[in-house]
Structures are given as C-alpha cells and as structure tokens.
Amino acid sequence: MKKFTCVQDIGDLKSALAEAFEIKKDRFKYVELGRNKTLMMIFFNSSLRTRLSTQKAALNLGMNVMVLDINQGAWKLETERGVIMDGDKPEHLLEAIPVMGCYCDIIGVRSFARFENRDFDYQETILNQFIQYSGRPVFSMEAATRHPLQSFADLITIEEYKKTVRPKVVMTWAPHPRPLPQAVPNSFAEWMNATDYDFVITHPEGYELAPQFVGNAKVEYDQMKAFEGADFIYAKNWAAYAGDNYGQILSKDREWTVSDRQMEVTNNAFFMHCLPVRRNMIVTDDVIESPQSIVIPEAANREISATVVLKKLLESL
Ligand SMILES: CCC[C@H](NC(C)=O)C(=O)O
Ligand SMILES: NC(=O)OP(=O)(O)O
C-alpha cells in the first residue's frame, strides 16, 4: 500500500479486518517493523484522537514520530500556485512539502475542507500535493472529502458489536452551531457501501451528500422511519454540499438531535459518533451515556486502524 486516502487503498476489507483483529490481540507484534523509520504527522487543523492514536500506532510499530502543526510555529504557507507572494506568507507549500519529505519515511496529513471553493476541496488539492511532491507514502488523517482512519475504526467497531451478519446501520444528520465538513459522513458512507450491511442515510432535504459517496445507500428524509429496527446509529453533522449552498448551514432543528425518542424505535441500537461531539445538539446526555453508547470503544479502535494502516505502508517501503 503506497497511500491511504480512501477505502479502495486498503484492498480486501475482510483481510484488513483480519489484520485489525490480529493486532488487537497483540498490538506490539510488529514492533521491529518500524525500527529507524520516521513518521511525520502534519496538521493544518486541530485534533485529539487522530493525533494521539496515530502516534500510539507508530510507537506500537517501533517508529520514530515527528508532529508539525502548520499554523503554530511553522511559516504561514501559500498553497495557491501562481500567486505573487508579497503578502503574509513567506513560504510556499510546493517547497515545504519536499523539504518535509526529506526528514521522514511516511507522512500523515490533516487538511480539512475550507468551504471557499468546492472544486478545490473535492479535488483534494492539499492532500494530492503531498502525494505528488513529498516523495513519501502519504496517508490521510482527515482531508477535505474523507476520513479513512476513522471509517476503518468504525467498521472494526461494528464488526465487534454486531449481533447479526447484515446489521442495519443508519447514519443520521444532527444539528451543529458551525458548518462542519462532509469528510466524515462521505467516508463512513463509502466504507459502509463497501460492506453488505443494510445502510441508510437520513438527513433533512438539502443536505444530500455527493452522489459518489451516497452510492447505493437508501436516503430517508424521515428520521424516525430511518431509525426503525436499526442496529447501529451513527450520528454526525455536516454542512450542505449541493449547489450554491456548499458549506452552508440550512438547519439547526433540534428535533434531529438523537434522543431516547428516536432510539426507542431501533432494535436496541448501539450509538456511535467519531467525536468530538456537541452534547444536546448532536445527541442527548442520556443517549451518549447509555449502555448502548460505544463512542469510547469506537475511539479506542482508532489506535488499531492506524496501526494496520502504518504496518501496511511500512511493508511497502
Ligand atoms: C471542523 C470539524 C472537524 C470534524 N472532525 C471530526 C473528526 O468530527 C468534522 O469532520 O466535522
Ligand atoms: N474523530 C477524530 O478524528 O477526532 P479528532 O478530530 O480529535 O482527531
């Protein structure tokens, strides 16, 4: 595996899950694989889980780790080609990227959608510049349109907790005070569509995700109907994608906040969220604190998904 940006990059999902459960039994099994290899983690945006779990994964594999927060300490970077750099950005990404590549063996990048230009975001301009110019294997730590480390951990979690072979998995939109990227829902949909689960997406009209991510998922605008008989509820907010509304908040309707009212019509469903979560906007205190909430085991599996991904990238060096 030369890069990890989407579900296709990891290859056969059953094999990837087998590797995950093998590593979960002994996460230090491959501690020699990364000896004298260096991971560089580059953050254009904040992080808790990705920052900690990916560092831990690298340590599980015996790697050295460097972390760079681009907007704290490094030079402000120009990302647009052709710009006359007479402003407040002393360095261009097109020099900074190959320089960073000199100091490491593998690069992880976090660079969220900016909501200034849909094409710029959906062409994954920043992530692809790292892939093209760093000279190193690159993996996404949440980019503009996907969050594959999260989605892989989500799949591991569902496989651990499912009570039937083909569970009903429902991804529901929920309100949020800020316009959040579509990366997490896009990526979750992409991974769920790669399984044989019964996958449903529910959101208010106007919040349709890009068709290439919705795939064959059933889209249901009636949240209560979508929740009927569900085995897993995956809640997330996202800003509008379609048309002139790109990056906009169209609704803050707290009827969509996941509460006991909706959970009662499910098949005693497990509640999932990638975190960080805004309580009593996305989900009520009672639901996220209930025995059916598996958000902490879900977050713990981020170490496992990252260890498998780094292992596969190291094996291809
Ligand atoms: C700016 C907020 C970023 C947030 N990240 C996660 C992991 O939820 C999101 O993708 O919505
Ligand atoms: N779920 C997730 O990626 O969390 P962070 O943004 O805290 O890394």
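- Where an unreviewed UniProt entry is consulted, the chain appears under the name N-succinylornithine carbamoyltransferase, with the organism given as Bacteroides caccae CL03T12C61.
- Turning to the chain, the UniProt annotation filed under Catalytic activity (unreviewed entry) states: "N(2)-succinyl-L-ornithine + carbamoyl phosphate = N(2)-succinyl-L-citrulline + phosphate + H(+)".
- In its Subunit (unreviewed entry) section, the UniProt record describing the chain reads: "Homotrimer."

### A short note on unusual backbone geometry
Next up, step 1: Residue Pro276 follows Leu275 across a cis peptide bond; omega there is 0°.
Next up, step 2: With respect to the helices, strands and loops of the structure, Pro276 is situated in the loop between strand S12 (270–272) and helix H11 (285–288).
Next up, step 3: Look at Asn36: it is not a glycine, yet its phi comes out positive at around 60°.
Next up, step 4: With respect to the secondary-structure elements, Asn36 resides in the loop between helix H1 (13–25) and strand S2 (38–43).
Next up, step 5: Relative accessible area serves as the criterion here: at 63%, Asn36 is assigned to the exposed category.
Next up, step 6: Residue Phe115 is not a glycine yet carries a positive backbone phi of 65°.

### Regarding the nonpolar core
It is characteristic of soluble globular proteins that their nonpolar side chains tend to be buried jointly.
Next up, step 1: Among the nonpolar cores identified, the biggest contains 55 residues, and Ile10, Phe139, Phe152, Met171, Phe199, Val309 and Leu310 are the most heavily contacted of them.
Next up, step 2: Split by domain, the residues of this core number at least three in each of domain 1 (1–144 + 300–313) and domain 2 (149–297).
Next up, step 3: Beyond its immediate chain neighbours, meaning those up to four positions away, Val309 contacts Met1, Phe4, Ile10, Phe139, Leu149 and Phe152.

### Comments concerning the site of ligand 2
Next up, step 1: In the vicinity of ligand 2, the contacting residues are Ser47, Leu48, Arg49, Thr50, Arg110, His147, Gln150, Cys274, Leu275 and Arg302.
Next up, step 2: In the environment of ligand 2, an oxygen atom lies 2.8 Å from a nitrogen or oxygen atom belonging to the side chain of His147.
Next up, step 3: In the environment of ligand 2, a nitrogen atom lies 2.9 Å from a nitrogen or oxygen atom belonging to the side chain of Gln150.
Next up, step 4: Residue composition of the shell around ligand 2, by class: 3 nonpolar, 4 polar and 3 charged.
Next up, step 5: Both of domain 1 (1–144 + 300–313) and domain 2 (149–297) provide at least three residues apiece to the shell around ligand 2.

### Here we look at the environment of Val184
Next up, step 1: Mapped onto the elements of the fold, Val184 is located in helix H7 (residues 183–193).
Next up, step 2: Residue class for Val184 comes out buried when judged on its relative accessible area of 3%.
Next up, step 3: Considering only alpha carbons, one finds Val184 and Val67, 117 residues apart in sequence, at a separation of 22 Å.
Next up, step 4: Discounting residues that sit within four places of it in the chain, Val184 has contacts with Glu142, His147, Tyr234, Lys236 and Cys274.

### Side note on the layout of surface pockets
Next up, step 1: The volume enclosed by the largest pocket comes to roughly 650 Å³.
Next up, step 2: Lining the largest pocket are 29 residues, with Phe112, Arg178, Leu180, Pro181 and Pro276 positioned closest to its centre.
Next up, step 3: The residue inventory of the lining of the largest pocket, partitioned by class, reads 14 nonpolar, 8 polar and 7 charged.
Next up, step 4: Formed jointly, the lining of the largest pocket draws a minimum of three residues from each of two domains, domain 1 (1–144 + 300–313) and domain 2 (149–297).

### What about a nonpolar patch on the surface?
Next up, step 1: On the surface, Met66, Val99 and Tyr103 cluster together into a nonpolar patch covering about 270 Å² of accessible area.
Next up, step 2: Structurally, the position occupied by Met66 is in strand S3 (residues 64–69).
Next up, step 3: Overall, Met66 belongs to the partly exposed group, its relative accessible area being 32%.

### Quick word on the domain arrangement of the chain
Next up, step 1: The domain boundaries assigned to the chain delineate domain 1 (1–144 + 300–313) and domain 2 (149–297).
Next up, step 2: Summarising the inter-unit geometry, the C-alpha centres of domain 1 and domain 2 are found 25 Å apart.
Next up, step 3: Counting residues at the interface gives 33 residues for domain 1, matched by 34 residues for domain 2.
Next up, step 4: The three residues of domain 1 that bury the most area against domain 2 are Phe115, Arg118 and Tyr122, which together make up 28% of that side's buried surface.
Next up, step 5: Here domain 1 and domain 2 share 1 salt bridge between them.
Next up, step 6: Among the ionic pairs, Lys24 bridges to Glu160, the shortest N-O distance being 2.6 Å.
Next up, step 7: Counting only elements with at least two residues in the side of domain 1 that touches domain 2, the list comes to H1, helix H2 (49–60), helix H4 (118–122), strand S7 (138–140) and helix H12 (295–315).
Next up, step 8: By residue number, the principal contributor to the side of domain 1 that touches domain 2 is H12, which donates 8 residues.
Next up, step 9: A class-by-class count of the residues in the side of domain 1 that touches domain 2 yields 21 nonpolar, 6 polar and 6 charged.

### Observations concerning the UniProt feature "domain: Aspartate/ornithine carbamoyltransferase carbamoyl-P binding" (unreviewed entry) in the chain
Next up, step 1: The residues that UniProt annotates with the feature "domain: Aspartate/ornithine carbamoyltransferase carbamoyl-P binding" (unreviewed entry) are residues 9–160.
Next up, step 2: Annotation note: span residues 9–160, helix share 41%, strand share 16%, distance between end C-alpha atoms 22 Å.

### Describing the packing of helix H3 (residues 93–102) against helix H5 (residues 125–133)
Next up, step 1: Packing of H3 against H5 brings their axes to within 9 Å, and their N-to-C directions diverge by 50°. Judged on the interaxial angle alone, H5 and H3 are oblique. As for how H3 packs across H5, the hand of that crossing is right-handed. Contacts between H3 and H5 involve Leu93, Leu94, Ile97, Pro98 and Met100 from the first element and Ile126, Gln129, Phe130 and Tyr133 from the second.

The rules behind these values
Residues numbered from 1 in each chain as written. Chains lettered and ligands numbered in written order. Predicted model: local features only at pLDDT ≥ 70, side-chain atom pairs only at ≥ 80, totals over all residues. Heavy atoms only, no water. UniProt positions renumbered as here; feature names shortened; annotations may be inferred. Helix = DSSP H or I, 4+ residues; strand = E, 2+ residues; numbered from the N terminus. Buried < 20%, exposed > 50% of the residue type's maximum accessible area, 1.4 Å probe, protein only. Core = buried A, V, L, I, M, F, W, Y, C linked by side-chain atoms within 4.5 Å. Domains from an automatic or database assignment. Contact = heavy atoms within 4.5 Å. Near = heavy atom within 4 Å. Polar contact = N/O pair within 3.5 Å; in protein donor to acceptor, adjacent residues only side chain to side chain. Nonpolar A, V, L, I, M, F, W, Y, C, P; charged D, E, K, R; others polar. 1 Å grid on protein atoms, 1.4 Å probe; cavity = no way out; pocket = protein on both sides within 12 Å on 5 of 7 lines; lining within 4 Å. Points joined across faces, edges and corners; volume = space filled by probe spheres on them. Patch = residues over 30% accessible without salt bridge, like charges linked within 9 Å, V, L, I, M, F, W, Y side chains within 5 Å. Areas by Shrake-Rupley, 256 points an atom, 1.4 Å probe, with all protein chains shown as cover. Salt bridge = Lys/Arg side-chain N within 4 Å of Asp/Glu carboxyl O. Buried area = accessible area lost by both parts, 1.4 Å probe. Axes fitted to C-alpha atoms, helices over the stretch in contact; angles between N-to-C directions. Parallel < 35°, antiparallel > 145°, perpendicular 65-115°, else oblique. Left-handed = near helix turned anticlockwise from the far one by under 90°.

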